[in-house]
Amino acid sequence: MTDMPEVGESMSVKKKKILVVDDEEDMIWTLRNCLNHEALNADILTASSGEEALGIMEDTPVNLVLTDIRMSGMSGLDLMLEIRERWPSTSVIVMTAFPSPEYKSEVMRLGGLHYIEKPFDIVELRQVVSEAVNDDRSFAGTVVGVSLSDIVQVNCLSQATAALEVTASDRSGTIYFEKGRIVHAESGGETGVEAFYRIMELDGGKISSKKVAKPPEKSIDLPCEALIIEAARRRDESGSGQDEGFNIEALDAEDPFPALSRADDGGDEQNAEDSGGGEAPPSGKTTAQEDEMDGNLRDILGEFTTIPGVNTACLVGRDGFLLDSIATVNVDTEMIGAIASSGFGASESMGRQLGKGNMAMTMIEYEQGPVIFSPVGDEAFLVIVADRDSNLGMIRLKIKKHAQEIMESAAI
Amino acid sequence: MPEEGKILDIARISFLNMIKEMMTLGGVAAAKGGLIRNALACAEKIKEVDYPDFDAFIEAIRNATNPITMIEGKAEHTGDGIFGLPACPFAPAISNYTEVFGSLPDGFAEFTEEFNKPGPATSRYRIGEGAGVSPFCAVHQPLRSAIGDRITIGGKQVRIYQLGCKSGAGKKGFADRLIEEAGVDRSVVDAVLDNHMCCYCVKLE
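Residues numbered from 1 in each chain as written. Chains lettered and ligands numbered in written order. Predicted model: local features only at pLDDT ≥ 70, side-chain atom pairs only at ≥ 80, totals over all residues. Heavy atoms only, no water.

Draft legend 1. Highlighting the overall build of chain B. Scanning chain B for helices and strands turns up 10 helices and seven strands. Looking at chain B as shown, the accessible area adds up to about 9,500 Å², and 53% of this sits on carbon and sulfur atoms. (Helix = DSSP H or I, 4+ residues; strand = E, 2+ residues; numbered from the N terminus. Areas by Shrake-Rupley, 256 points an atom, 1.4 Å probe, with all protein chains shown as cover.)

In structure tokens, the structure reads:
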């Protein structure tokens, strides 16, 4: 039996191994498709939890771990720290669902630690991964250049239990997190809230995150957002440099990927309420109700075409007649509907013949990109036409998120 | 004298079998859509025509110069823009098929049920929704409506509403929503169907 080579040694002549860790099945599906690319020449392993990822890494040397932050069980940050301790030569890319623009991928690759913002551009992600996987420098675990506020937010939103050591030329301090809450801070002789604000005033320096089982004490009992806002206010007042690009308002204003970022806080229910997708409307709809449903449907279809690479979204009756469509390119959507109906119907017939039941969401890949079909109820199906390198996971998530609303809108 | 052999009209027979094949391969809904689109494609080949008034439109039906009569023969105007068609244009195909094979292909009832479901096509062309009594209605009704869309009377657009239909076995089907939308009394449609196989009305926009 051949021993597995150590990472960073003879593996340079072999395929690199990338481990994708995410508890969202769709995201794993997307990343696997995205990374399974000849340019990367890598084997893609997947794990649905941090614990599973560690189990895989105990058996298989991995060059790069691409992990979500927010996962049930072990968080991505804890996983990253564990990896840093046990496999220091393994690079880690952390994915976040933060909407703030400072998380753009071109500034993520600093000091060997990468942040990828969801929703991400597939080509960019592939580029960052390619650079990381072909870079055999070890993961230092120290972040230089990323704003402190960003790191604090990451810890809060990832439900981390950790100690964040901040070292500047004239001062240092430590902020302690427990399950994402800021519970203690020390700086010089100070502790508590004032120590936190003092630390947050630091410009530049080095940040080191350590995994801790328990903070030494609890001296802070304020929400993270309040602490961060107050810290920013104090920085403004003191005239010290601002965290470039850090925008607290933006965090509250709009979440471009709510299905992901609200996965743990009942976001789906909230979304359904927001968009009127709760109770099914009565069968005898008024014109106003129909207009509203039509509007909702157009909004939903429009959402698909905002996904990079998606150029057409059609809702098609099973008979092939369009219920509605939005296309950003010049295509005959009526004809797409008719043809898709034949293809969809044929696939369903095959499933019935084979005793496979009804058809689920599926994709046909063409040279110039995929077409995704998804049944919505018994009477209609969605057709999403995309270019190559489109974010398929995002398409799938949006389909799942809006399936009920679309079904109701499609009901004649 | 030996009994004379039965002769298949291959065009008709294959059409009926084709419907069955379409249902098997692509499902009933896709088959319905296919037949409707086939009808619409046929209608697109019909030249647009304008009649100076409604009398001229009716006269063109009587003398079989109206585009609608091209596909179904002469209909009878029973008043208020309501027409009754004495014979289903598909009757010979049905007769020929059943004469040779004994019964129509399986699944036609399911197809008819599917055709009667409300949907974009039934709404757009004012067809089905109860007025379908056989799969052939999925060809005939949209074809007539789409031809109607190519006809104007005094410059005003003709809109045809399918109100009802009667099967060869005498079972009547009524499109209650369309009957109401057209402002016609259901009893009038019922009466027309007593003596005709198909009932529709013509409205001007």
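Draft legend 2. Main features of the overall build of chain A. Within chain A, the regular secondary structure consists of 13 helices and 16 strands. Contacts in chain A between residues at least 24 apart in sequence constitute 64% of all its contacts with a sequence separation of at least 6. Accessible surface, chain A: about 19,100 Å² in total, of which carbon and sulfur atoms supply 47%. (Contact = heavy atoms within 4.5 Å.)

Draft legend 3. Spatial organisation of the packing of aromatic side chains. For the structure on display, the rule yields 13 aromatic pairs over all chains. Ring centres of Tyr97(B) and Phe101(B) lie 4.8 Å apart, and the angle between their planes is 50 degrees; this geometry places the pair in the tilted category. With Tyr97(B) and Phe101(B) both in helix α5 (residues 91-101), this residue pair falls four residues apart, about one helical turn. Classification of Phe101(B) by relative accessible area gives partly exposed; the value is 45%. Seen in terms of ring centroids, Phe108(B) and Phe136(B) are 6.0 Å apart; in terms of plane orientation they differ by 75 degrees. Their pairing is edge-to-face. Taken together, the residues span a long stretch of sequence, with Phe108(B) in helix α6 (residues 108-116) and Phe136(B) in the loop between α7 (120-125) and α8 (137-148) at a distance of 28 residues. The pair formed by Phe108(B) and Phe136(B) is uniform in burial state, with each residue classed as buried. Aromatic rings pair up to connect Tyr51(B), Phe54(B), Phe57(B), Phe83(B) and Tyr200(B) into one cluster. For the cation-ring pair, Arg396(A) lies above Trp29(A), with the distance from its terminal atom to the ring centre recorded as 4.1 Å. The side chain of Arg126(B) reaches across the aromatic face of Tyr161(B), ending 5.6 Å from its centre. (Phe/Tyr/Trp six-rings, centres within 6.5 Å; stacked < 30°, edge-to-face > 60°. Buried < 20%, exposed > 50% of the residue type's maximum accessible area, 1.4 Å probe, protein only. Lys NZ or Arg CZ within 6 Å of the ring centre and 35° of its normal.)

Draft legend 4. How the structure looks around helix α3 (residues 54-62) of chain B. Residue and element names in this part refer to chain B. Among all positions in α3, only Phe57, Ile58, Ala60 and Ile61 are buried. Each buried residue of α3 sits inside an arc of 155 degrees when the element is viewed along its axis, so together they form one side. Exposed residues on α3 whose side chains face more than 90 degrees from its buried face are Asp55 and Arg62. Considering only its buried residues, α3 is in contact with β1 (49-51), α4 (67-72), β2 (76-79), β3 (82-85), β4 (151-153) and β7 (198-204). The N-capping residue of α3, defined by a side-chain oxygen 3.3 Å from the backbone nitrogen of Asp55, is Asp53. In the stretch just after α3, Ala64 is the one whose phi turns positive, near 60 degrees. (Arc of directions from axis to C-beta. Polar contact = N/O pair within 3.5 Å; in protein donor to acceptor, adjacent residues only side chain to side chain.)

Draft legend 5. Summary view of the interface of chain B and chain A. Residue-level contacts link 18 residues of chain B with 15 residues of chain A. For the pair chain B and chain A, the summed buried area comes to about 1,200 Å², and 58% of that belongs to carbon and sulfur atoms. Three residues stand out in chain B for area buried against chain A, namely Arg37(B), Pro120(B) and Arg124(B), and they jointly supply 37% of the buried area on that side. Linking chain B with chain A are five residue pairs in polar contact (both at pLDDT 80 or more), by the criterion used here. Taken together, the elements giving at least two residues each to the side of chain B that touches chain A come down to α1 (10-26), α2 (28-43) and α7 of chain B. Among the elements that make up the side of chain B that touches chain A, the one with the highest residue count is α2(B) (seven residues). Tallied by class, the residues present in the side of chain B that touches chain A amount to nine nonpolar, five polar and four charged. (Buried area = accessible area lost by both parts, 1.4 Å probe. Nonpolar A, V, L, I, M, F, W, Y, C, P; charged D, E, K, R; others polar.)

Draft legend 6. Helix α5 (residues 148-157) of chain A, seen in detail. Residues and elements named next belong to chain A. Of all 10 residues making up α5, nine are buried, and the element is well covered by its neighbours. Every buried residue belonging to α5 is among Leu148, Ser149, Asp150, Ile151, Val152, Gln153, Val154, Asn155 and Cys156, and all of these are buried. Of the residues flanking the end of α5, it is Gln159, one or two places downstream, whose phi is positive at about 60 degrees.

Draft legend 7. Main features of unusual backbone geometry. Residue and element names in this part refer to chain B. A positive phi angle is found at Ala64, which is not glycine, with a value near 60 degrees. Here Ala64 lies in the loop between α3 and α4. Although it is not a glycine, Asp80 sits at a positive phi angle of roughly 55 degrees. Secondary-structure assignment places Asp80 in the loop between β2 and β3. By relative accessible area, which is 76% here, Asp80 ends up exposed.

Draft legend 8. How the structure looks around the pairing of β2(B). Residue and element names in this part refer to chain B. Pairing geometry for β2 and β3, over three bridges, is antiparallel. What sits directly across from Glu76, in β3, is Gly84. Hairpin connection of β2 to β3: two residues between the antiparallel strands, including Asp80 at a positive phi of 55 degrees. (Pairing = 2+ DSSP bridges.)

Draft legend 9. Representation of the pattern of salt bridges in the model. Residue and element names in this part refer to chain B. Here the structure, examined in full by the defined rule, presents 25 salt bridges over all chains. Measuring nitrogen to oxygen at the nearest pair gives 3.6 Å for the salt bridge that ties Glu114 to Lys32. Of this pair, Glu114 sits in helix α6 while Lys32 sits in helix α2, and the two are 82 residues apart along the sequence. Each member of the pair, Glu114 as well as Lys32, is classed as buried. A salt bridge links Glu72 to Arg144; the shortest N-O distance between them is 2.9 Å. (Salt bridge = Lys/Arg side-chain N within 4 Å of Asp/Glu carboxyl O.)

Distances and angles like these do not, on their own, reveal function.
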